[in-house]
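Below are the chains, spelled out letter by letter.
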Amino acid sequence: MPVLGQGIIPNTGAVASELTALTRRAFIPSMVVQIYQSRPLLACLMAAAKTATGGISSVTVPVQGASYVQGAWTGYNGAFQQPAALTGAQNAEFNLKAHVCPIPFLGMEGLVQMGHEVVPIIEARMSDAEEVIKNDFVTAILGNNNLANTQALTSINDYADDSTNAATYGNINRTTAGNGFWKGYYQNYAIATTPTRQQVMIMIAGATKFAGGESPNIGFCGFGTWMKLAGDFLGQERYIVENGFSMGQVETGFRALMVSGVPIFADPSISEGEFLFWNTKYLGLYFHEQASFSFSGFYPLIPNNQIGYQGVIVTLAELVGVKPRTASHFKNLTYETI
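Worth saying up front: this structure is predicted, and the values here are computed from it rather than measured.

### Considerations on the side chain of Glu-109
And then number 1: Summarising the element assignment, Glu-109 is placed in helix α3 (residues 107-113).
And then number 2: For Glu-109, a relative accessible area of 14% puts it in the buried group.
And then number 3: Side-chain polar atoms of Glu-109 contact the side chain of Arg-125, separated by 2.5 Å.
And then number 4: Beyond its immediate stretch of four places on either side in the chain, Glu-109 contacts Pro-104, Ile-121 and Arg-125.

Quick look at the structure:
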C-alpha cells in the first residue's frame, strides 16, 4: 500500500488516487534481508572442510583407546616377560547426512515478472536458500542431534559430551568399559559462575589436563557471555600512542579475547552462559565430493499437472570429531544482558 499524507504526497482523496494510478513507484532494485545473522562458528568449520565419498560409514577413522605394548622394569640380567598381543583400536564411524532445500519457480510468476521485475523472485529464493541452509547447519551443529535427530549433523555438544547427554558418538559407546578415552570435558556448574580471565584460564587448564596436556586452540560463546569476559579485560587496557596517532583516536576493545593462548570469539547463535572449546586438528566438516551444495537445475512440473519448475539444492555432510578429549563444553556461566 502506498504511503499517503506524508511528505510531498497528498492525503487520501481524488488527487491522491490519481497520482497513485498514474505514477510509478521509485523502487530501489535490491532486497534488504532482515531475518538472518552472522555465523562465525560455521565459517570456521567450513574454512577447513574436507571431502568424503559414498559408502557405508562414509567417514571411518581408526582410533586407539588402549596400549599395544607394555613396559616393565628389569635388573642386571635384562630379563622380561613374553609380550602379549594386545588390541587397542576400534573404528569411529560416521555416515554423511543429507540436507535438501527445494526451490519452486511458478510458471505464471515468471511470465508476470518478465521485463517488469524490480527484484526477480527466483533470485530472491536462490539467495534465501543459502541462508536457510546455513541456518539449518548451525542449528544442528549446536543441538543435541545424536539423541534428537539422527538424520541431522551431529553436534559439537555431542562431541564434547562426557556421556551425560550423548552416550554414543561416532558409533562408540562412551559408557562401555575401556571407552573412557572417548569422553569430552563437560562441566555444568552447579552455581552460576562469572567468566573472569582467571575463571576461563581455570576452564582451559582443566580441559587441557583432561586432554593429556593438549590445549584447545579456539573457543566460542554468545555475545552476552563474551561481553562479561571482555569486561575483565577492558579495565586493564593500556594505550601506546605512536606517530600513527591522529585526530585524537585510539583503538580499543578486541575482536577476539585471548586467554591462555586460546582466542575466544562471539557467535550470536550460541546460547548465553556457555563456552565451547576444541582443537581444530580433530574436528571438522566433511562434504560429499559430488553433493556439496549441488543444485539439480530446474525441472518442469507438468507431469504433476502444474505449470512451473522445481529445483533442489542437495548437500551431504557430517561434522566429524575424532578426539573428544580435546573438546570441552561449559555451562551456567553468567553473562551481560545486551
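### Brief notes about the confidence of the model for the chain
And then number 1: Confidence along the chain averages 90 in pLDDT terms, with 95% of residues attaining 70 or more.
And then number 2: Confidence scores differ between elements of the chain, with helix α5 (residues 145-148) showing the lowest mean pLDDT of 72 and strand β11 (residues 275-278) the highest of 97.

### Brief notes about the pairing of strand β10 (residues 262-266)
And then number 1: Within β10, 4 of the 5 residues are buried, which leaves it mostly tucked inside the rest of the structure.
And then number 2: Sheet analysis places strand β8 (residues 218-221) next to β10, joined by 3 bridges and oriented parallel. Across the sheet, the residue bridging to Phe-220 is Phe-265, located in β10.
And then number 3: Summarising the sheet, strand β9 (residues 257-259) and β10 pair through 3 bridges and their orientation is antiparallel. Residue pairing in the sheet places Leu-257 in a bridge with Ile-264 of β10.
And then number 4: Connecting β9 to the antiparallel partner β10 that follows it, the hairpin turn spans 2 residues, and Ser-260 within it adopts a positive phi of roughly 55°.

### A word on the environment of Thr-194
And then number 1: Note on placement: Thr-194 falls in the loop between β7 (185-193) and α7 (197-210).
And then number 2: Residue classification places Thr-194 among the partly exposed residues on the basis of a relative accessible area of 38%.
And then number 3: Taking the C-alpha atoms as reference, Thr-194 lies 7.5 Å from Tyr-335; in sequence the two are 141 residues apart.
And then number 4: Residue contacts for Thr-194: discarding those within four places in its chain leaves Gln-199, Lys-228, Leu-333 and Thr-334.

### Some thoughts on the sheet that holds β7
And then number 1: Spatially, β7-β16-β11-β8-β10-β9 is the arrangement adopted by the 6 strands of the open sheet, whose pairing is mixed. A strand with exactly one partner marks an edge of an open sheet, and here the two such strands are β7 and β9. The sheet shows a mean angle of 20° between the axes of neighbouring strands, taken without regard to direction.
And then number 2: Across 3 bridges, the pairing between β11 and strand β16 (residues 328-333) is antiparallel. Its bridge partner being in β16, Phe-275 is matched across the sheet by Phe-330.

Reading the values: the criteria
Residues numbered from 1 in each chain as written. Predicted model: local features only at pLDDT ≥ 70, side-chain atom pairs only at ≥ 80, totals over all residues. Heavy atoms only, no water. Helix = DSSP H or I, 4+ residues; strand = E, 2+ residues; numbered from the N terminus. Buried < 20%, exposed > 50% of the residue type's maximum accessible area, 1.4 Å probe, protein only. Polar contact = N/O pair within 3.5 Å; in protein donor to acceptor, adjacent residues only side chain to side chain. Contact = heavy atoms within 4.5 Å. pLDDT = per-residue confidence, 0-100. Pairing = 2+ DSSP bridges. Axes fitted to C-alpha atoms, helices over the stretch in contact; angles between N-to-C directions.

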